[in-house]
Amino acid sequence: MSYEPTIIAFLCNWCSYTGADLAGTSRMKYASNINIIRVMCSGRIEPLFVLTAFREGADGVLICGCHPGDCHYHEGNYKCLRRYYFLKKYLTQMGMNTERMRLEWVSASEGKQFAELADDFTEKVRNLGPCKIKEAAETLT
Amino acid sequence: MEEIRIGVYICWCGTNISRMVDVEDVARELSEMPGVVISKDYKYMCSDPGQALIIKDIKEHKLNRVVVSACSPRIHELTFRKALENAGLNPYMFQMANIREQVSWVHDDREKATKKAKALVAAAINRVKWHESLDKRTVSINPSTLVIGGGIAGITAALELADTGSPVYLIEKTTELGGNMAKIDLTFPYLNSARQIIQEKIERTEHHPNIHIFKNTVVDEIFGYIGNFNSIIGQNGSEIDLKFGNIVVATGLKPFDPSGLENYGYGKFPDVITSLEFEKKLLSGNILTNEGKDPENVVIIHCVGSRNRSEHEYCSRTCCMTALKYANQLRSAIPDANIYQAYADMRAFGKGCEELYTSTSRKGIMFLMFDQQNDLPVIKKAEPGDSCNMLIEMNEKLSGEKIEIPADMVILMVGLEAHEDAKKISHTVGISLDGNSFFMEKHPKLDPVATTTSGVYVVGNCQAPKDIPDTITQAKAATARIMGTIKQGEVEVEVITAVVNEDICCGCQTCIQVCPYTAITYDVVKGVSVVNEAICKGCGTCGSACPTGAIRSRHFTDNQILSQIKGLLSKSLELKEV
Amino acid sequence: MAKKEKNKIKLAIYWGAACGGCCVSILDVHEKLFDIVAAADLVFWPIALDFKYKDVENMPDKDIDVTLFNGAVRNSENEHMANLLREKTKILVAYGSCSHLGGIPGLANFSNREEIFKRVYETTESTVNPEKITPQTKYKVAEGELSLPEFYNDVRTLDQVVDVDYFIPGCPPQSERLMEVFTAIVSGAELPPKGSVLGALDKSQCDECPREKSENKLIKEFKRPFEIEDDGKTCFLEQGVICMGPATRGGCGVRCIEGNAPCRGCYGPPTSVSDPGAKMMSAIATIIDENEPEAIEKVIDSIEDPAGTFYRFSVPSSIIRRNIETSEKKAEQAVV
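Reading the values: rules and limits
- Residues numbered from 1 in each chain as written.
- Chains lettered and ligands numbered in written order.
- Predicted model: local features only at pLDDT ≥ 70, side-chain atom pairs only at ≥ 80, totals over all residues.
- Helix = DSSP H or I, 4+ residues; strand = E, 2+ residues; numbered from the N terminus.
- Rg over C-alpha atoms; globule rule 2.2 N^0.38 Å.
- Buried ≥ 20, exposed ≤ 12 C-beta atoms within 10 Å, placed from the backbone.
- Contact = placed C-beta atoms within 7 Å.
- Axes fitted to C-alpha atoms, helices over the stretch in contact; angles between N-to-C directions.
- Left-handed = near helix turned anticlockwise from the far one by under 90°.
- Nonpolar A, V, L, I, M, F, W, Y, C, P; charged D, E, K, R; others polar.
- Domains from an automatic or database assignment.
- Pairing = 2+ DSSP bridges.
- pLDDT = per-residue confidence, 0-100.

### What about the overall build of chain A?
Now for step 1: In terms of helices and strands, chain A carries 5 helices and 4 strands.
Now for step 2: In chain A, the succession of α and β elements from N to C terminus is β-α-β-α-β-α-β-α-α.
Now for step 3: Its C-alpha radius of gyration of 15 Å places chain A within 12% of the 14 Å reference for a compact globule of 141 residues.
Now for step 4: In terms of its C-alpha atoms, chain A occupies a principal-axis envelope of roughly 50 × 35 × 20 Å.
Now for step 5: Taken over 141 residues, chain A has a buried fraction of 69%.
Now for step 6: At a minimum sequence separation of 6, the contacts of chain A that also span at least 24 residues come to 81%.

Now the structure itself:
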């Protein structure tokens, strides 16, 4: 059986989750590897969640929020952006290919963009192969 | 701690979910998860019997948590929370798994979709274990309303509210009320005078004791929340602090500028005019060409700037009927004129509209069809010997022939598009724009009047192009909603706020500048941060910035989200190995 | 314990992968050591008294009342002793940062055995080892077979190896706190629930920190302590220096900060935080005063070593636990 990545996507309620819903109401098809977890604002997404997702076996983590300047809560997405870059530097140090983690802005009207993003990211993560974080953390030698 | 007793319900949504997800298998497999007391599938969970099933089970099986796996929580989360409430359970002891919009409608492999649905439901079950009761909170409603935009939508809303005795602040950015409607002559389909309708309303608005009009004014910033907004308005050099409980956004649309469309020669040929310029001629009472003559040949070109990938993909909705209205007005004014309608599709839905089309088509009007996507008509200057001054080349779609139409006057039926300041307004009032820069309603079908920000309503063209009756309907619908809250005097507000655990908070003050609403202050005496829950909107950013774990983002706590992640992945990986 | 009220308790102290500082912190109780010896028989303490492992092996199970185990578990000897002492001890206490969170030895989880051996036995500037001799677990000599403990790839905390009753944090723990805990144990007082952190506060460092804190936390550039002219009064974070204080449990008496050095996090996270580095990274990232990706990255680049800064004492107990690249290499190595 070919390798199928498991991906966790954290989406803000107002833009990205609504955009993902729009992909649904528009019956756009995308990879079933993407599993969405909703938060009110991308400003709620923090390293703890992303690291836990990898540790629990996710092969990729997608983070989506409102476009810069469009945050429902004014600027939560900028805080998310800062944490994203911080995490990237940390995870690089921990030996992870940071292409497993991606942040994209998806507005409430961008159902099509979300579907395309889901497919594109899934493909990229599939090409990277399984993430070793869970295995490395659980098989201490 | 009380024993956790979860009820799990998997919705078929008719065939919407069950076609792609083996709902019975999902219900069966998840019944084995710890804490799950019952797990069922049902045709329509949101229906009355579906909700009754939940209520019955809560009582019979002493459930204290409920998971419904169905459509998007954005549609039915409130429905199910109400059901829990009706069964005597706190509405927040509920979690939804979205297996329609995010599973059955977007995947086409039934086995994979079913696995994903199981993982999402497992995540919801794991999460709901950490849910806690949240108490309702209400705020008082200031009876005043801010209406932004003084066109027919804003005026209608203002008058409706003012007539009930509630104060209205009406903000108009230009010097005059009336908006686009004041610029047109007759309305379709019954050819009544627009001016008569709007003039009477403008006068009533201007003299209404409950309406305070601010012309030549824009709103830069709005603070607060439903029931308790305020804004500082600059007026004649001084500043006025307005307080209001609700906001109606009625900022309208503007006509498309066809200058960029070379094939139509707008700006090059003086007798190529836009529909609004033609209205000006109608209002002035004479329809003359640039040279002051009666036009012998008038061509009305449809869909200018609309329904085309390179300009706007959407239909501007009002132009077809307006074009028919022009044909009627031209036929009456210049009985001998040759009148051509160059159209892409004739869209005549709505009361009286198809009838207008039928009656117009019997008045010697020539209807010619073109391909709006790939093959637009081209306007050329006529040769010196021709009897007209312009020629319109087009491939007539119905006959399949390439033809030339003589024209002395061309009316471009320009579409409607968002104002340049739409984005700024959306930020000021805290609502979203769609891809066409129209303001987004809370739900396109179930709530096309409210927005995702409580207390903010969108009416008229700023939400999407629409005709006058639809605009007025929406304006009146919004005011009915607002009057409801004013009458009740208070409204329930967000309970998903942040809260500081004073036993943990060390007073580092990292959170204070992080809050976009300045809802957090530092209590010097206690040495801890304090969240003002009336101001907090529950984004959770402070909770993620708190290094000590003292701030809890209610209903999105670390434990709730982490257990959701863990539940999802453990089920997902377990199924992968099968 | 009730039976033994009149008797002395049996106390053992052991070190795993440690620097010895924890044992010294016990000696640092100074004259109170006499109180300890008055209340407890020291049945095992290799750094101070001559005992053999066999002495411990010969003890009946649960014969030792309290063991203070300091140091991480880094080799087979550490692991063997952790298991043995668990068997022989009623109350096993992870004493100090290394056994609590992994500590400084835990930073080795950025690397692996192969890389560490190569560095230590080959490439260090002071090493001359042309034959590339590295320690072997077994070596035959004329007299028989010599053995050395096996060096593991991963450093582990004590509770990743055996069941731990309590934790006393610190690098090293403050001697005053040790005396408080010790006194509580010998007095027969009711102990907190198993798994608790003893000898520390519930709130984090800032609560005790005498420096002036304000809401002005936004950061344009991170600085290392020597790069600022510290006024001795203002919160380190507000001066652009990373201080782990907000995500670190109080109780040490803010010793580092009193010495004008920012907190490095040895006391570990408060109960409300599971992964102090993740929480602190989130907090620090949030207050970066930039919105554009390039500008944000530039600010982040001013932190030399985020993983080592935010997880200085807690890599093995962190969520990610180790570098996964070097982890993958260890698999190849196993094949060889």
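Structure shown, so let's carry the discussion forward.
### A look at the environment of D294(B)
Residues and elements named next belong to chain B.
Now for step 1: Looking at the secondary structure, you find D294 in the loop between α8 (275-284) and β17 (297-304).
Now for step 2: Counting along the chain gives 16 residues from D294 to F278, while the straight-line C-alpha distance between them is 14 Å.
Now for step 3: Excluding its chain neighbours within four sequence positions, the residues that come into contact with D294 are L288 and I334.

### Considering the packing of helix α5 (residues 110-128) of chain B against helix α14 (residues 558-577) of chain B
Residue and element names in this part refer to chain B.
Now for step 1: At their nearest, the axes of α5 and α14 sit 7 Å apart, and the two run at 145° to each other. Crossing handedness for the pair α5 and α14: right-handed. Contacts from K115, K118, A119, L120, A122, A123, I125, N126 and R127 in α5 reach Q560, S563, Q564, K566, G567, L568, K571, S572 and L575 in α14.
Now for step 2: Across the contact of α5 with α14, the residue classes break down as 7 nonpolar, 6 polar and 5 charged.

### Concerning the domain arrangement of chain C
All names here are of chain C.
Now for step 1: The assigned domain composition of chain C is domain 1 (2-105 + 154-186), domain 2 (112-152) and domain 3 (205-304).
Now for step 2: Between domain 1 and domain 2, the C-alpha centre-to-centre distance is 29 Å.
Now for step 3: Each partner contributes to the interface: domain 1 provides 5 residues, whereas domain 2 provides 4 residues.
Now for step 4: Of all elements in the fold, only β4 (73-75) and α4 (76-88) reach the threshold of two or more residues within the side of domain 1 that touches domain 2.
Now for step 5: Within the side of domain 1 that touches domain 2, the residues separate by chemical class into no nonpolar, 2 polar and 3 charged.

### Things to note about the pairing of strand β22 (residues 402-407) of chain B
Residue and element names in this part refer to chain B.
Now for step 1: For strand β21 (residues 390-395) and β22, the ladder comprises 6 bridges, and the chain directions are antiparallel. Among the inter-strand pairings, E393 is bridged to a residue of β22, identified as E404.
Now for step 2: Remark: 6 residues form the turn of the hairpin made by β21 and β22, two consecutive strands paired antiparallel; G400 in that turn has positive phi of roughly 80°.

### Brief notes about the interface of chain A and chain B
Now for step 1: At the interface, 42 residues of chain A touch 43 residues of chain B.
Now for step 2: Elements with a contribution of two residues or more to the side of chain A that touches chain B: α1 (16-25), β2 (34-39), α2 (47-55) and α3 (76-93) of chain A.
Now for step 3: Ranked by the residues each element gives to the side of chain A that touches chain B, the list is headed by α1(A), at 6 residues.

### Remarks on the sheet that holds strand β16 (residues 272-274) of chain B
Through backbone hydrogen bonds, the strands of a sheet pair up, either in parallel or in antiparallel fashion.
Residue and element names in this part refer to chain B.
Now for step 1: Strand order in the open sheet formed by 5 strands is β16-β23-β17-β18-β19, and the pairing between neighbours is parallel. Pairing within the sheet leaves two strands with one partner each, and these edge strands are β16 and β19 (365-369). This sheet shows a mean twist of 20° between the axes of neighbouring strands, independent of strand direction.
Now for step 2: Sheet topology places β16 next to strand β23 (residues 409-414); 3 bridges connect them, and they run parallel. Its bridge partner being in β23, V272 is matched across the sheet by V410.

### Some points on the sheet that holds strand β13 (residues 238-244) of chain B
Residues and elements named next belong to chain B.
Now for step 1: Read across the open sheet, the 3 strands follow the order β11-β12-β13; overall the sheet is antiparallel. Bordering the open sheet on either side are β11 (223-225) and β13, each of which pairs with just one other strand. Averaged over all adjacent pairs, the angle separating strand axes in this sheet is 25°, with direction ignored.

### Observations concerning the pairing of strand β6 (residues 138-141) of chain C
Residues and elements named next belong to chain C.
Now for step 1: For β6 and strand β7 (residues 144-147), the ladder comprises 4 bridges, and the chain directions are antiparallel. By the bridge assignment, K140 is partnered in β7 with E145.
Now for step 2: Connecting β6 to the antiparallel partner β7 that follows it, the hairpin turn spans 2 residues.

### Observations regarding the interface of chain C and chain B
Now for step 1: The interface of chain C with chain B comprises 22 residues on the first partner and 18 residues on the second.
Now for step 2: When its residues are assigned to classes, the side of chain C that touches chain B shows 9 nonpolar, 6 polar and 7 charged.

### Describing the environment of D109(B)
Now for step 1: With respect to the helices, strands and loops of the structure, D109(B) is situated in the loop between α4 (100-104) and α5.
Now for step 2: Note: C-alpha distance between D109(B) and D375(B) (266 residues apart in sequence) is 40 Å.

### Observations regarding the confidence of the model for chain C
Where the model shows low pLDDT, its predicted coordinates should not be examined in detail.
Now for step 1: Per-residue confidence for chain C gives a mean pLDDT of 92; residues scoring 70 or more make up 96%.
Now for step 2: In the model, residues 1-5 of chain C has pLDDT below 50 throughout and makes 3 contacts with residues more than four positions away in sequence or in other chains.

### Comments concerning the environment of F44(C)
Residues and elements named next belong to chain C.
Now for step 1: Considering the arrangement of structural elements, one finds F44 in strand β2 (residues 40-44).
Now for step 2: According to the C-beta neighbour criterion, F44 is buried, with 23 such atoms within 10 Å.
Now for step 3: Considering only alpha carbons, one finds F44 and Y14, 30 residues apart in sequence, at a separation of 7.3 Å.
Now for step 4: Setting aside residues up to four positions removed in sequence, F44 forms contacts with A12, Y14, F51, D55 and V56.

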